[in-house]
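Read off the chains here:
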2 protein chains.
Amino acid sequence: MRNLEISNQELSDLAEEALALAKGYWASLEERRTYPTTSGKQTTELFSRPWQESGRGREVLQDFKSIAEHVRPSTGRFFGYVVGSGEPVGALGELLAAVLNQNVTSWRSAPAATSIERAVVGWLAEAVGCPGFTGSLCGGGSTANLMALAMAREAKLPANETGVRPCVIYASEQVHMSIPKAVALLGIGRKNLRLIPVDDKFRMRTDALQAAIAVDREAGNMPIAIVATVGTIISGAIDPLPEIADIARREALWMHVDGAYGGLAALAAPEKFQGLSSADSLSLDAHKWLYQPLDCGCLLYRHPDIARKTFSHSDDYVRILSDDPTEAFAFFEESIELSRRFRALKLWMSLQYHGRHAYREAIARDLHHAQMLAQAIASQPELEQLAPVSLSAVCFRHRSKDNEAILRRVIARGRVYLSNATINGHFALRACFVNHRTTPDDVQAIVSEVIAAADEINR
Amino acid sequence: MRNLEISNQELSDLAEEALALAKGYWASLEERRTYPTTSGKQTTELFSRPWQESGRGREVLQDFKSIAEHVRPSTGRFFGYVVGSGEPVGALGELLAAVLNQNVTSWRSAPAATSIERAVVGWLAEAVGCPGFTGSLCGGGSTANLMALAMAREAKLPANETGVRPCVIYASEQVHMSIPKAVALLGIGRKNLRLIPVDDKFRMRTDALQAAIAVDREAGNMPIAIVATVGTIISGAIDPLPEIADIARREALWMHVDGAYGGLAALAAPEKFQGLSSADSLSLDAHKWLYQPLDCGCLLYRHPDIARKTFSHSDDYVRILSDDPTEAFAFFEESIELSRRFRALKLWMSLQYHGRHAYREAIARDLHHAQMLAQAIASQPELEQLAPVSLSAVCFRHRSKDNEAILRRVIARGRVYLSNATINGHFALRACFVNHRTTPDDVQAIVSEVIAAADEINR
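Scoring rules and cut-offs
Residues numbered from 1 in each chain as written. Chains lettered and ligands numbered in written order. Predicted model: local features only at pLDDT ≥ 70, side-chain atom pairs only at ≥ 80, totals over all residues. Heavy atoms only, no water. Phe/Tyr/Trp six-rings, centres within 6.5 Å; stacked < 30°, edge-to-face > 60°. Helix = DSSP H or I, 4+ residues; strand = E, 2+ residues; numbered from the N terminus. Buried < 20%, exposed > 50% of the residue type's maximum accessible area, 1.4 Å probe, protein only. Salt bridge = Lys/Arg side-chain N within 4 Å of Asp/Glu carboxyl O. Least-squares fit on C-alpha atoms with pLDDT ≥ 70 in both. Contact = heavy atoms within 4.5 Å. Buried area = accessible area lost by both parts, 1.4 Å probe. Polar contact = N/O pair within 3.5 Å; in protein donor to acceptor, adjacent residues only side chain to side chain. Pairing = 2+ DSSP bridges. Axes fitted to C-alpha atoms, helices over the stretch in contact; angles between N-to-C directions. Left-handed = near helix turned anticlockwise from the far one by under 90°. Nonpolar A, V, L, I, M, F, W, Y, C, P; charged D, E, K, R; others polar. Parallel < 35°, antiparallel > 145°, perpendicular 65-115°, else oblique. Expected span 1.5 Å × (residues − 1).

Asker: So, the packing of aromatic side chains: which residues are in play, and what are the values?
Answerer: Across all of its chains, the model carries 24 aromatic pairs over all chains by this definition. Centroid distance Trp123(A) to Trp51(B): 6.2 Å. Interplanar angle 25°. Geometry classified as stacked. Placement of Trp123(A) in helix α5 (residues 111-127) and of Trp51(B) in the loop between α2 (40-47) and α3 (63-69) is noted, with the two residues assigned to different chains. Its relative accessible area of 5% is what places Trp51(B) among the buried residues. A ring pair is formed by Phe329(A) and Phe331(A), whose centres lie 4.8 Å apart and whose planes are at 90°; its orientation type is edge-to-face. Accessibility classification places Phe329(A) together with Phe331(A) in one group, the buried group.

Asker: Can you lay out the pattern of salt bridges for me, pointing to particular residues and giving the numbers?
Answerer: What the rule picks out here adds up to 77 salt bridges over all chains. Salt-bridge contacts for Arg356(B) lead to Glu53(A); the nearest nitrogen and oxygen are separated by 4.0 Å. In this pair, Arg356(B) is assigned in helix α12 (residues 344-378) and Glu53(A) in the loop between α2 (40-47) and α3 (63-69), connecting two distinct chains. With its nearest N and O atoms 2.9 Å apart, the salt bridge here joins Arg341(A) to Glu94(A).

Asker: I'd like a rundown of unusual backbone geometry, residues and numbers included.
Answerer: Here the residue pair Leu294(A) and Asp295(A) is connected by a cis peptide bond, since its omega of -5° sits within 30 degrees of zero. Structurally, Asp295(A) can be placed in the loop between α10 (286-289) and β7 (297-301).

Asker: Hey, could you go over the relation of the copies chain B and chain A for me, with residue numbers and the actual values?
Answerer: Under the fitted operation, chain B is carried onto chain A by 0.0 Å of movement along the axis and a turn of 180°, and the coordinates agree to an RMSD of 0.0 Å. Each copy turns onto its partner about a two-fold axis. Both copies contact each other with a shared surface, as 100% of the interface residues of chain B are interface residues in chain A too.

Asker: How would you explain the interface of chain B and chain A if you had to name every residue and give the values?
Answerer: On the side of chain A, 157 residues touch chain B, which itself brings 157 residues to the contact. Between chain B and chain A, a total of about 13,700 Å² is buried, with carbon and sulfur atoms accounting for 62% of that surface. Arg360(A) is paired through a salt bridge with Glu53(B); the nearest N and O atoms lie 2.5 Å apart. At the junction of chain B with chain A, the criterion picks out 70 residue pairs in polar contact (both at pLDDT 80 or more). Looking at the side of chain B that touches chain A, the element that brings in the most residues is α12(B), giving 16 residues.

Asker: Outline the pairing of strand β2 (residues 168-172) of chain A, supporting the account with residue identities and numerical values.
Answerer: Residues and elements named next belong to chain A. For β2, the tally of buried residues reaches five of five residues, placing the bulk of the element in the interior. What you see with β2 is no split at all: Val168, Tyr170 and Ser172 on one side and Ile169 and Ala171 on the other are buried throughout. As paired strands, β2 and strand β4 (residues 223-229) are joined by four bridges and run parallel to one another. Looking at β4, one finds that Ile169 is bridged to Ala225.

Asker: For the environment of Thr438(A), give the residues involved together with the corresponding values.
Answerer: Along the chain, the position of Thr438(A) falls in the loop between β11 (426-432) and α14 (440-458). Among the residues examined, Thr438(A) registers a relative accessible area of 2% and is labelled buried.

Asker: How would you summarise the packing of α12(B) against helix α14 (residues 440-458) of chain B if you had to cite specific residues and measurements?
Answerer: Residues and elements named next belong to chain B. Interhelical geometry of α12 versus α14 gives an angle of 35° and a closest axis separation of 9 Å. Classified by chirality, the crossing of α14 by α12 is right-handed. Touching Arg365, His369, Met372, Leu373, Ala376 and Ile377 of α12 are Pro440, Val443, Gln444, Ile446 and Val447, all from α14. A per-class count over the contact of α12 with α14 returns eight nonpolar, two polar and one charged.

Asker: Can you break down the packing of helix α8 (residues 206-218) of chain A against helix α9 (residues 241-251) of chain A residue by residue, with the values?
Answerer: Geometry of a packed helix pair, given as the angle between the helix axes and the separation of the axes. Residue and element names in this part refer to chain A. Packing of α8 against α9 brings their axes to within 10 Å, and their N-to-C directions diverge by 20°. One finds that α8 runs roughly parallel with respect to α9. Read as a crossing pair, α8 and α9 show a hand that is right-handed. Contacts from Thr206, Leu209, Gln210, Ile213 and Arg217 of α8 reach α9 at Glu243, Ile244, Ile247, Arg250 and Glu251. Among the residues making up the contact of α8 with α9, the classes are represented as four nonpolar, two polar and four charged.

Asker: Outline the sheet that holds strand β3 (residues 193-196) of chain B, supporting the account with residue identities and numerical values.
Answerer: All names here are of chain B. Ordered by their spatial adjacency, seven strands build an open sheet running β1-β7-β6-β5-β4-β2-β3, and the pairing between neighbours is mixed. At either margin of the open sheet sits one strand with a lone partner, and together these are β1 (134-138) and β3. Averaged over all pairs of adjacent strands, the angle between their axes in this sheet comes to 20°, without regard to strand direction. Strands in contact with helix α6 (residues 141-156) are β1, β2 (168-172), β4 (223-229), β5 (254-259), β6 (281-285) and β7 (297-301); relative to β5, the strand with the most contacts, it is inclined by about 175°.

Asker: Describe α14(A), naming the residues involved and giving the relevant values.
Answerer: Residues and elements named next belong to chain A. In this model, α14 (19 residues) spans 28 Å end to end at C-alpha, consistent with the 27 Å of a helix rising 1.5 Å per residue. Regarding α14, the residues found buried are Asp442, Val443, Ala445, Ile446, Val447, Glu449, Val450, Ile451, Ala452, Ala453 and Ala454. Along its buried surface, α14 packs onto α12 (344-378), β8 (383-385), β9 (393-398), α13 (403-413) and β11.

Structure (structure tokens):
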């Protein structure tokens, strides 16, 4: 037998056992605690064994159960951060993608996989109201935002060949941490990212944006881009896209929209996303609001020629000799990646299995769940909402108790999982709905668990 | 029923059907053509359908068979580029990772998954002779190289806050295209990447490196890093690490080693990798020479504090409040990513299933296969080898025929897949062995197919 090869029978048995574990886990999901009872000491003890000389064989699958006991499950009562719920058809897509093991660098490398990725990217663009945009899938919002700002830089003040010259980027003070991180990586310097104040709904103030640009122009600085956010990470605020688009056009700036959290809600509530199609680039995360298993980010853009100007550094050995535009297409000419896995297959399978209607309804339910929670908070005199509900994030607090202590108790009780945020200096409890498994009862459980936790810390 | 939810029975049936497709595909692998008979027109026609309102249900699985007909399979006779063979235990690991759907941002987010990733990163570091190095998994060599050069920049000439200042990086003229791409992205400018000439074995000439640094110092330029390559993409050359390490130390430069192709061969042939542990950072791709399904890159480094200085841009909402060093650990403080999938599970499963001995033997066989091919070429008067065989890449040509025409014929015949390279101005045929499925017969088939293709273009 060849090394690392296993017999068809053994592979079949192993695969059946893995599948049984998967099915058992899915069936157990709603019974699981929303946060495991675990510690750093325990996970180190369980999982820091060395890599042995001889194989453990099928026994290694037994680890799955202890792994599952020491991770956060994607139940319908997980409301922390912005984490999608891991739709199972998508998970089966990941299996089949790994089986095919395509390197989706270009059509030549992976013909069907390349065509499928280009198709699903087109679906996403069309679904959010940006038909004609092109792009590619990537690891997530951080990579998509980095690529977008690299494109902005190369379009407005080319740096690839000769290095960065001083320039300025604008975003609201509620911008996601991936934007300053990208500005730093690109060599622009975080001090050249202007954080524009927000209004009482946490939306970028366009008067302040306009004033900041004027100050920079006056000082001889070089503005290149504005980052608008649709769905800020804390409160889900949506920046005023039409006004920002006007300013970008007038000032000849790149307009990037970070829609990693909120962008895909345009399927269900397009009226909230007027102006989205004015963007030059748009980040989306299908592993958030299309419920896909991680990872499945997407960067969409209007001008593929600028993507190629930014990312094409090809060597001879990958040169493509084809006159057919489909066959000559290469993702690596338009993205940061070279080797790329077949991320599109899970989207291809899951989005078609359920159909567009089911996704639109699931997102609409998430939006509705946020409103339900806001109402439930309003009906409890000891609780108060701390920010408007623009999408599906709800920030609130107990009026009289230590909210950090409440959060710790809620998580320890293991029935719902909430995260936290800082709103106008207050420690806020935060629930976010991007979960196809959540029921109205799960939503109600948030308030009852917070009240119960508050009662417990009284004692 | 909740939207997007499917019954346990339907999910079970669907999963069984997906698994049957996977098993059928694995069983058919060696019978498949090494390159499909397909065209851009065909894949567009097959896969450019719109996303419909209503779901197609289980019917969507039927696409798998046509996808499989129009992709490049990972057979034992695929020798193109540097593409791993997609070991099936690893593929089952990907299924289970997608089922668990962990966001491996930090211990708090994914306790077991974080401990497992830290464990497997330790295995890789120890296996290549760099014990004590830490790091994380990432999409692949392009990301790992980008992160490494970002760390070099921040260590030597901090740019995150105030922007890039002019600086210089050195690499051999055989360096992988991801390095100039990273230099461009980081805002350093490709013109500040010095491509150092190579010797007759395609290794960086350290006398030329030393001279280039001296010229830059004389001109007032600021050298910050040297990139050494272990396994150049074309011929598999290994740069002289001990000499480069000496220069880096003397000149106070960051030493990054790009081992995306070759680094993991240190398991089987440590004598070729003397000096590796002198690196400040090292890229490895487990989806290449550990045969894992895409994607599974890794960046290792000596100083986690420099990684944190480079990549930590955390917002309040992800702040971790723990005194336990394991529980306080966050990958996003040390890498480019925030949301991260559970890449480590497939490595955890596959490396333990087979054991370290089996991996060492499989890599040794790949190295041996390259020598076998070199001998077979030497025994054929019409063929000539074009570069020394340092690892598992073999570059050769037919002495009298049009080698580009031969390559087209070889691919069209569908029995083996080769790629191409340019060696000293010659069009070279290139075979690379990073494939646990390859047999000695498969290796012999390379020569017979090239000869047969050459005969055909004679007619």
